[in-house]
Amino acid sequence: MNPLLQSFINEARDNLEVASRCLLALEKTPADSELLDELFRAMHTIKGASGLFDNLSDFSRLLHVIEDGLDKVRDHTLALTPELTDCIFDALDVATQWLDSIEASEALPASAPVQLAEQLGALNQAFQAAPGGAPTATPEPSVHIAPDTAAAVTLPAASAPLWVRELPDARRRALFEGYLAKAETSLLEVVFTPPEECFFQGHDPLQSVKTLDGLQALHITPREPWPLLEALDPFRCVLDIRLLALADEVAVQHHFRYLAESLQVSTLPAEVLIHPEGEQGESDDELFVPFADEALPLAEAADWQALGQRLAPLRELCGERLYQHSIVHWLALALRLPAPPQKVILGLLDALATGDDYQPREPRQAGPLSQTASSEQPPTLEAADDHIAMVYQVLQQQVEVLQTSASEALFAPRLAAVEEVIRRMLGHLEQAPGAGFEAALQAAREQQHSQPLASWLEGRLVPPAQPTSAAAPPLAASKPAPSALPDRSSEPVEKAEKAHAPSHTIRVEQQRIDELMTLAGELVVAKNALPFLAKHASEGMTSKAVAKELTSHYANIDRIADRMQQAVMGARMVPLSVVFQRFPRLVRDMTRKLDKNAELVLEGEDVEADKHVVDHLADPLVHLVRNSLDHALESPAERQAAGKPAKGMIKLRAQALDDQVLIEVIDDGRGIDAEKLKHKAYQRGLIDEQKLDSITHQEALQLIFAAGLSTAEQVSDISGRGVGMDAVRTAVAASGGTISVASEPGKGSTLRILLPLSMAVARVMMVKIGEQDYGIAMTSIRETVRVPASAIHRIKRSENIVLRDKLIPLKRMRSLLGLEAAEAGQEEAVLIVEHNGEQVGLVIDDFRQGMDIVQKPMEGIMAGYSLYSGSALMGDGRVLLIINLAALLSPPALASAQGDV
């Protein structure tokens, strides 16, 4: 990757973090001007840096709009409301997604223009709705199912800017002709506001405008009244330059790339040029009125071919002087558009019949779908019937089907069913699926995952606007219009989680780098001593002296290696604030969605852990915090009724414990009812009747991590599906950690995650099983004992021992690994390990020593064996297999063992 681009990505991520932190703080202290200035600087820095890259123009435009809004907030002409903050957060989330795409492919995603249009629409409406914002008429967005190859967005149709309407009628018609002749370009209005000091920066604004390819019209006005001649500063530019161009927007952005902050580019629909002019003729003229009466039903039915045939002879008879002549000419031009605008044509015919001023109007009844519309521009929902809405809803349902998890056996038939539905629905719209569909379908089959096809389909669906007539289909209720302010009450709270993608870079303090350089120098000196030792050995040095020298050199190299290992591990250490910083935003969004009041308390953010551990910690913590907010914390009314403060508390606390880190998620909510939990587990068959009677309070609480168990009365889109806590336990175990819960009904709960400080070097105990040595992680081992064979008791089909008045079940490792049973001995070596909060005894052949290893993941055929978490190379060249206790002690693995003991 281009080093400059990588530097931009890293800097942009840092500034986005600063922006999120400032936005959250400003909600508590909106009058803090320093926070607002810091937020503005972060946005300005990102926008300025993105302007260095030609292919990031959309990125610059998004940040430019946010910066303009924040500038108004700084000037106290706009209030930073919670709704405006929501929209800015949404825009920052999109910017973060774009950074991920830039890092992966050095380019913005294909969906960037669509996302940009949605975000600009939402931001503009939020700016207008905020106190101090200028209210404007809400534009009517056009809605369509996007073509497979489309990257552009159909922007809202708006009335023509005043200066455009003031252009001569003949000039606007010529411009319209040019638009029709250049189908590959867009009609753009460019607002160029050069900085006052542009002449001193080497820019000539007029020359920059005159050299723009596709320039059609120009309008220049002063931003302030001209002073007297003696007070005029000729080197101060106070001009606003507006222009119309038939060009590609990317090309225009590139042309003004060095003054991007002074530029605003808008795509105009061609119909904004339509504004008939001329002398008024007689409104009852026998030539125009009969034609209008005959043409109006055709326009209402959208029969453009028949209307064009009737218009052709009338146009031949028209001149250029009368208002009616201008209307006829504009009618002929409008009918040449790939999708003639029905509202415009109806307005022109009304003006032709009455002689009144032209005003577009809606059809009196929904006309049939245009038969001449190109497949590249699908019909809009406004010009269609319920058929389009039905197709859209069916396709939207296919996205939901694809995003639902399914077993491997169901994946292929489900994918085939969705494929058939998509082909049929697009067939109803007379559209071919296209190469993108085939590529996404093939990728889904190869990856055995639905996401490629779901992403393709989501990219094709542009949600419809709110219907304006009673006959419009009730589709808008399911999706908001791109320009509408999002409904925070029904939107899943996921953006805050995705806004912080794991970074692939680590910032290391200079002191740690200097330490590594020092150790590298010592290692070079130790290495250079070895040739001298070899020389002395070859010259007749005694073996005893050689051994003594080797031992001395080994001790020196071992000391350097240990220090270097510690230094490298220290360089990989990052503070837990990297993970904790996402939770203020998450808690804010969820409390707004759930209508709850909660305060987040963070402690121990400066505790450090290995970056790999921190990255793996993020998802489990997100689920635990979501679960606490959704289920544990009561509503303000419930809390007050229970004698608690209306505002609840969620605490994230971290502390270092020797070579481990402890993370706690604490809440003061309703707590967990252990009795209810164990009866739920019994009803679902997770525990038997004997376990139901004997299970302790603490053991019952650990049942919350069982798969498929939930005490929630209602399933929400946030948590409570009965699989989340099990997934948390699995993720923590995969990182070599453990999780436990403590709770008291009515007072709250505490979830504790204990993780190793580093996953680079692991501590294992070697054990002998059969003729081979294996490794078991020290973090799972509680103690080692040797018990007489007579102390092993059989209860039904299980073996058990009593250790310090506690019954511990035994599992024989030879049986679990499929090895031959050992001969009965006088005593057994038992390794006591903890699994799912319970202690289990593993019968092995013998104990070996403990050792530090660098664990490598299994590859090739061995990667398919879940019983082994990895392997390590030992000093004598042997390979040590590391046993995965979580997989080994799972019910499927135990099934064969239970019949052998």
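On a predicted model such as this, the values are computed, not experimentally measured, just so you know.

Definitions and limits used
- Residues numbered from 1 in each chain as written.
- Predicted model: local features only at pLDDT ≥ 70, side-chain atom pairs only at ≥ 80, totals over all residues.
- Heavy atoms only, no water.
- Helix = DSSP H or I, 4+ residues; strand = E, 2+ residues; numbered from the N terminus.
- Contact = heavy atoms within 4.5 Å.
- Areas by Shrake-Rupley, 256 points an atom, 1.4 Å probe, with all protein chains shown as cover.
- Salt bridge = Lys/Arg side-chain N within 4 Å of Asp/Glu carboxyl O.
- Buried < 20%, exposed > 50% of the residue type's maximum accessible area, 1.4 Å probe, protein only.
- Axes fitted to C-alpha atoms, helices over the stretch in contact; angles between N-to-C directions.
- Parallel < 35°, antiparallel > 145°, perpendicular 65-115°, else oblique.
- Left-handed = near helix turned anticlockwise from the far one by under 90°.
- Pairing = 2+ DSSP bridges.
- Core = buried A, V, L, I, M, F, W, Y, C linked by side-chain atoms within 4.5 Å.
- Phe/Tyr/Trp six-rings, centres within 6.5 Å; stacked < 30°, edge-to-face > 60°.
- Lys NZ or Arg CZ within 6 Å of the ring centre and 35° of its normal.
- Arc of directions from axis to C-beta.
- Polar contact = N/O pair within 3.5 Å; in protein donor to acceptor, adjacent residues only side chain to side chain.
- Patch = residues over 30% accessible without salt bridge, like charges linked within 9 Å, V, L, I, M, F, W, Y side chains within 5 Å.
- pLDDT = per-residue confidence, 0-100.

Some remarks on the overall build of the protein chain
Tallying secondary structure elements over the protein chain gives 31 helices and 22 strands in all. Within the protein chain, counting contacts between residues at least 6 apart in sequence, those at least 24 apart form 71% of the total. If you sum the accessible surface of the protein chain, you get close to 45,700 Å²; carbon and sulfur atoms cover 53% of it.

Comments concerning the pattern of salt bridges
Summed over all chains, the structure comprises 49 salt bridges. Glu634 serves as the salt-bridge partner of Arg639, at 3.0 Å between the closest nitrogen and oxygen. Owing to a relative accessible area of 0%, Arg639 belongs among the buried residues under this scheme. Classification of Glu634 as buried rests on a relative accessible area of 8%. Across the salt bridge formed by Arg639 and Asp668, the nearest N and O atoms sit 2.9 Å from each other. With Arg639 in helix H24 (residues 636–641) and Asp668 in the loop between strand E9 (660–667) and helix H25 (674–683), the pair connects residues that are 29 residues apart, well separated along the chain. One continuous salt-bridge network, built from bridges that share partners, spans Glu27, Asp86, Asp93, Arg585, Arg588, Asp589 and Arg592.

Let's talk about the packing of helix H10 (residues 288–300) against helix H13 (residues 342–354)
In the contact formed by H10 and H13, the axes pass within 9 Å of each other and the chain directions differ by 160 degrees. Taken as axis vectors, H10 and H13 run roughly antiparallel relative to one another. The crossing of H10 and H13 is left-handed. Here Phe288, Val289, Phe291, Ala292, Ala295, Leu296, Ala299 and Glu300 of H10 come into contact with H13, specifically with Gln342, Ile345, Leu346, Leu349, Asp350, Leu352 and Ala353.

Structural notes on the sheet that holds strand E10 (residues 738–744)
If you walk across this open sheet you meet the 5 strands as E6-E8-E9-E11-E10, and the pairing is mixed. Either end of the sheet is taken by a strand with one partner, and the two such strands are strand E6 (598–603) and E10. Averaged over neighbouring strand pairs, the angle between their axes works out to 15 degrees when direction is ignored. Strand direction decides the pairing type here: E6 and strand E8 (residues 648–657), joined by 6 bridges, are parallel. Note on E8: the bridge partner recorded for Leu602 is Leu652. Strand contacts of helix H22 (residues 583–594): E6 and E8, with the helix running at about 170 degrees to E6, the strand carrying the most contacts. Strands in contact with helix H23 (residues 611–632) are E6, E8, E9, E10 and strand E11 (748–756); relative to E9, the strand with the most contacts, it is inclined by about 15 degrees.

A few points about the sheet that holds strand E16 (residues 798–803)
Overall, mixed pairing links the 6 strands, which are arranged E14-E18-E19-E17-E16-E15 in an open sheet. Of all the strands in the sheet, just strand E14 (781–788) and strand E15 (793–795) have a single pairing partner and so form its edges. Direction aside, neighbouring strands of the sheet carry axes that sit 40 degrees apart on average. Note that strand E18 (residues 827–835) and strand E19 (residues 838–844) share 7 bridges and pair antiparallel. Paired with Val830 across the two strands is Val843, which belongs to E19.

Here we look at the nonpolar core
Grouped together as the largest cluster of nonpolar side chains are 50 residues, with contacts concentrated most on Phe583, Leu621, Leu624, Ile663 and Ile753. It is H23 that contributes the most residues to this core, 9 residues altogether. The residues contacting Phe583, other than those within four sequence positions of it, are Leu600, Leu621, Val622, Val625 and Leu652.

Some words on the packing of aromatic side chains
Tallied over the full model, the rule gives 7 aromatic pairs. For the pair Phe192 and Phe256, a centre-to-centre distance of 4.9 Å together with 50 degrees between the ring planes defines the contact as tilted. With Phe192 in strand E1 (residues 186–192) and Phe256 in the loop between helix H9 (249–255) and strand E4 (263–268), the pair connects residues that are 64 residues apart, well separated along the chain. Grouping aromatic residues by their ring pairs yields a cluster made of Phe8, Phe59 and Trp98. The cationic tip of Arg74 hangs over the ring face of Phe40; the distance from NZ or CZ to the ring centre is 3.8 Å.

Considering H25
Buried residues of H25: Ala674, Leu677, Lys678 and Ala681, and no others. Buried residues of H25, seen end-on, are gathered within an arc of 90 degrees and therefore sit on one face of the element. Residues of H25 that are buried make contact with helix H26 (689–694) and helix H27 (697–702). Its side-chain oxygen at 3.1 Å from the backbone nitrogen of Glu675, Asp673 defines the N-terminal cap of H25. Positive phi appears at Gly685, one or two residues downstream of H25, with a value of about 80 degrees.

Let's talk about the environment of Glu522
As for its placement among the helices and strands, Glu522 is situated in helix H19 (residues 510–538). Separated by 35 residues in the primary sequence, Glu522 and Ile557 have C-alpha atoms spaced 8.8 Å apart. With near-sequence residues (within four places) excluded, Glu522 lies in contact with Arg559, Ile560 and Arg563. Only 3.5 Å separates the side chain of Glu522 from the side chain of Arg559, close enough to count as a polar contact.

Things to note about unusual backbone geometry
Backbone phi values are negative for most residues with the exception of glycine, while trans is the configuration of most peptide bonds. With a phi close to 55 degrees, Arg804 is a non-glycine residue in the positive phi region. Its place among the elements puts Arg804 in the loop between E16 and strand E17 (806–812). With relative accessibility at 61%, the residue Arg804 sits in the exposed group.

Focus: the pairing of strand E21 (residues 868–873)
Here E21 runs beside strand E22 (residues 879–883); their pairing, made up of 5 bridges, is antiparallel. Across the sheet, the residue bridging to Ala872 is Leu880, located in E22. The turn joining E21 and E22, which pair antiparallel and follow one another in sequence, is formed by 5 residues; a positive phi near 95 degrees is taken by Gly877.

Focus: the side chain of Asp668
In terms of polar contacts, Asp668 uses its side chain to reach the backbone amide nitrogen of Met649, at 3.0 Å. Residues within four places of Asp668 in sequence aside, it is in contact with Leu633, Glu634, Arg639, Lys644, Gly648, Met649, Lys747 and Gly748.

Thoughts on a nonpolar patch on the surface
Taken together, Phe199, Phe200 and Phe235 make up a surface patch of nonpolar side chains, about 360 Å² in accessible area. The partly exposed category is assigned to Phe199, whose relative accessible area is 36%.

Examining the packing of helix H4 (residues 82–105) against helix H5 (residues 112–129)
The N-to-C vectors of H4 and H5 enclose an angle of 165 degrees; their axes lie 9 Å apart at closest approach. It follows from the interaxial angle that H4 and H5 lie roughly antiparallel. Of the two elements, H4 crosses H5, and the hand of that crossing is left-handed. Contacts from Leu84, Cys87, Ile88, Asp90, Ala91, Val94, Gln97 and Trp98 of H4 reach H5 at Ala112, Gln115, Leu116, Gln119, Ala122, Leu123, Ala126 and Phe127.

Focus on the confidence of the model for the protein chain
Summarising the model, the protein chain shows a mean pLDDT of 77, and 83% of its residues fall at 70 or more. Scored below 50 in pLDDT, residues 134–158 makes 61 contacts in the model with residues more than four places away or belonging to other chains.

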